[in-house]
Amino acid sequence: MKSILTAIVLTVAFVFFAPSNATAQVNEILKRMDAHYKVLQTLKANVSREVWNSQLNETDKQSGNLMLQPGKGTKLSFRLNWTSPKEENISVVNGKYVVYIPSYKRVYTGSSNSKTVKDKGGNALSVMSMSKEEIKTNYDATYLGAESVGGTDTLRLKLTPKAKADYKYIELWVDGNGMPIQGKIVKNNNDTDTIRFSGLKKNEKIDKSVFLIKPPPGTEIVKG
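Residues numbered from 1 in each chain as written. Predicted model: local features only at pLDDT ≥ 70, side-chain atom pairs only at ≥ 80, totals over all residues. Heavy atoms only, no water.

1. Observations regarding the overall build of the protein
Here is step 1 of the chain: For the protein, the helix and strand inventory stands at three helices and 12 strands.
Here is step 2 of the chain: When burial is assessed residue by residue, the protein has 39% of its 224 residues classed as buried.
Here is step 3 of the chain: In the protein, 47% of the contacts between residues at least 6 apart in sequence involve partners at least 24 apart.
Here is step 4 of the chain: For the protein, the accessible area works out to roughly 12900 Å², and carbon and sulfur atoms hold 53% of it. (Helix = DSSP H or I, 4+ residues; strand = E, 2+ residues; numbered from the N terminus. Buried < 20%, exposed > 50% of the residue type's maximum accessible area, 1.4 Å probe, protein only. Contact = heavy atoms within 4.5 Å. Areas by Shrake-Rupley, 256 points an atom, 1.4 Å probe, with all protein chains shown as cover.)

2. Focus: the pattern of salt bridges
Here is step 1 of the chain: All told, the structure shown has nine salt bridges when counted by the stated rule.
Here is step 2 of the chain: Across the pair Glu-28 and Arg-32 runs a salt bridge whose closest N-O atoms are separated by 3.3 Å. Taken together, the residues Glu-28 and Arg-32, both in helix α1 (residues 2-39) and four residues apart, mark about one turn of the helix.
Here is step 3 of the chain: Using a relative accessible area of 34% as the deciding quantity, one classes Arg-32 as partly exposed.
Here is step 4 of the chain: Members of the salt-bridge network, linked through shared partners, are Glu-147, Arg-156 and Glu-171. (Salt bridge = Lys/Arg side-chain N within 4 Å of Asp/Glu carboxyl O.)

3. Some remarks on the confidence of the model for the protein
Here is step 1 of the chain: Per-residue confidence for the protein averages 84 on the pLDDT scale, and 83% of its residues sit at or above 70.
Here is step 2 of the chain: Across residues 1-19, where pLDDT falls below 50, the model places two contacts with residues more than four positions away in sequence or in other chains. (pLDDT = per-residue confidence, 0-100.)

4. Structural notes on the environment of Lys-162
Here is step 1 of the chain: Relative to the assigned elements, Lys-162 resides in the loop between β8 (152-161) and β9 (167-175).
Here is step 2 of the chain: Polar contacts involving the side chain of Lys-162 include one to the main-chain carbonyl oxygen of Lys-136, which spans 2.8 Å. (Polar contact = N/O pair within 3.5 Å; in protein donor to acceptor, adjacent residues only side chain to side chain.)

5. Remarks on the side chain of Ser-91
Here is step 1 of the chain: Looking at the element boundaries, Ser-91 is found in strand β4 (residues 88-93).
Here is step 2 of the chain: Filtering out sequence-adjacent residues up to four positions away, Ser-91 remains in contact with Phe-78, Arg-79, Lys-96, Tyr-97, Val-98, Phe-211, Leu-212 and Ile-213.

6. Overview of the sheet that holds β9
Here is step 1 of the chain: Pairing is mixed across the open sheet formed by 12 strands, whose spatial order is β7-β8-β9-β10-β11-β1-β2-β3-β4-β5-β6-β12. Lying at the two open borders of the sheet, with one neighbouring strand each, are β7 (139-149) and β12 (220-223). Neighbour to neighbour, the strand axes of the sheet diverge by 20° on average, direction disregarded. (Pairing = 2+ DSSP bridges. Axes fitted to C-alpha atoms, helices over the stretch in contact; angles between N-to-C directions.)

7. Remarks on the environment of Glu-88
Here is step 1 of the chain: Tracing the sequence through the fold places Glu-88 in strand β4.
Here is step 2 of the chain: Residue class for Glu-88 comes out buried when judged on its relative accessible area of 4%.
Here is step 3 of the chain: Through-space distance from the C-alpha of Glu-88 to that of Pro-102 is 7.0 Å; in sequence the pair is 14 residues apart.

8. Quick notes on unusual backbone geometry
Backbone phi values are negative for most residues with the exception of glycine, while trans is the configuration of most peptide bonds.
Here is step 1 of the chain: In this structure, Pro-85 follows Ser-84 across a cis peptide bond, with omega equal to 5°.
Here is step 2 of the chain: Within the element layout of this structure, Pro-85 appears in the loop between β3 (77-84) and β4.
Here is step 3 of the chain: In this model, Asn-57 sits at a positive phi of 55°, which is unusual for a non-glycine residue.
Here is step 4 of the chain: Here Asn-57 is to be found in the loop between β1 (43-53) and β2 (58-69).
Here is step 5 of the chain: Backbone geometry at Asn-190 places phi at a positive 80°, although glycine is not the residue there.

9. Focus on the environment of Ser-198
Here is step 1 of the chain: Structurally, the position occupied by Ser-198 is in strand β11 (residues 192-202).
Here is step 2 of the chain: Sequence separation of Ser-198 and Ala-45 is 153 residues, and the distance between their C-alpha atoms is 5.8 Å.
Here is step 3 of the chain: Setting aside residues up to four positions removed in sequence, Ser-198 forms contacts with Ala-45 and Asn-46.

10. Description of the packing of aromatic side chains
Here is step 1 of the chain: Enumeration according to the criterion identifies zero aromatic pairs in this entry.
Here is step 2 of the chain: Sitting over the face of the ring of Tyr-169, Lys-158 holds its NZ or CZ atom 4.4 Å from the ring centroid. (Phe/Tyr/Trp six-rings, centres within 6.5 Å; stacked < 30°, edge-to-face > 60°. Lys NZ or Arg CZ within 6 Å of the ring centre and 35° of its normal.)

So this is what it looks like as structure tokens:
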């Protein structure tokens, strides 16, 4: 009888208290993220990316560096330089993008909301810079527990879109300062796009000119 009563008490405790604790944990993580983003003036970081094709079971990898100036909507500016396996330079300023591929001697330009920017890694970057209000408005957030990422202790969140989207959900790994150091997008066809930051340098001065890509004369320009 004592064992049965103990089991009942534990079950009741789990049902009534676990959800509220999980909700409190989500709220605390979002609060930290929001506070961190508000004081973040600039960010420099090394970036690695893995895009997994679920049908072929193949993974494409990229690495490079990032310079970012936070802001809401079109006020967000960043320069993403992929250096491996091939050189590509992506810049977003004032809601417009420029993608320069030196080996092709070609530049693509257009709106920062375009598929081109998303495919080049901009989608995952925008996810990692969302505000608390944006997350709460557009996603159902679930706490997935603590996990070490590249030697850094993080708390893991799952964000499921409330409206129809071209992906199933997003996962974020957030460090103790409220900085998302890894983000993964799981698409409807089960493909994944994962970006990780390392070597973080925060609030160092960044000249705004670095966000402007100036290709050499003779470069082909393709408007999207």
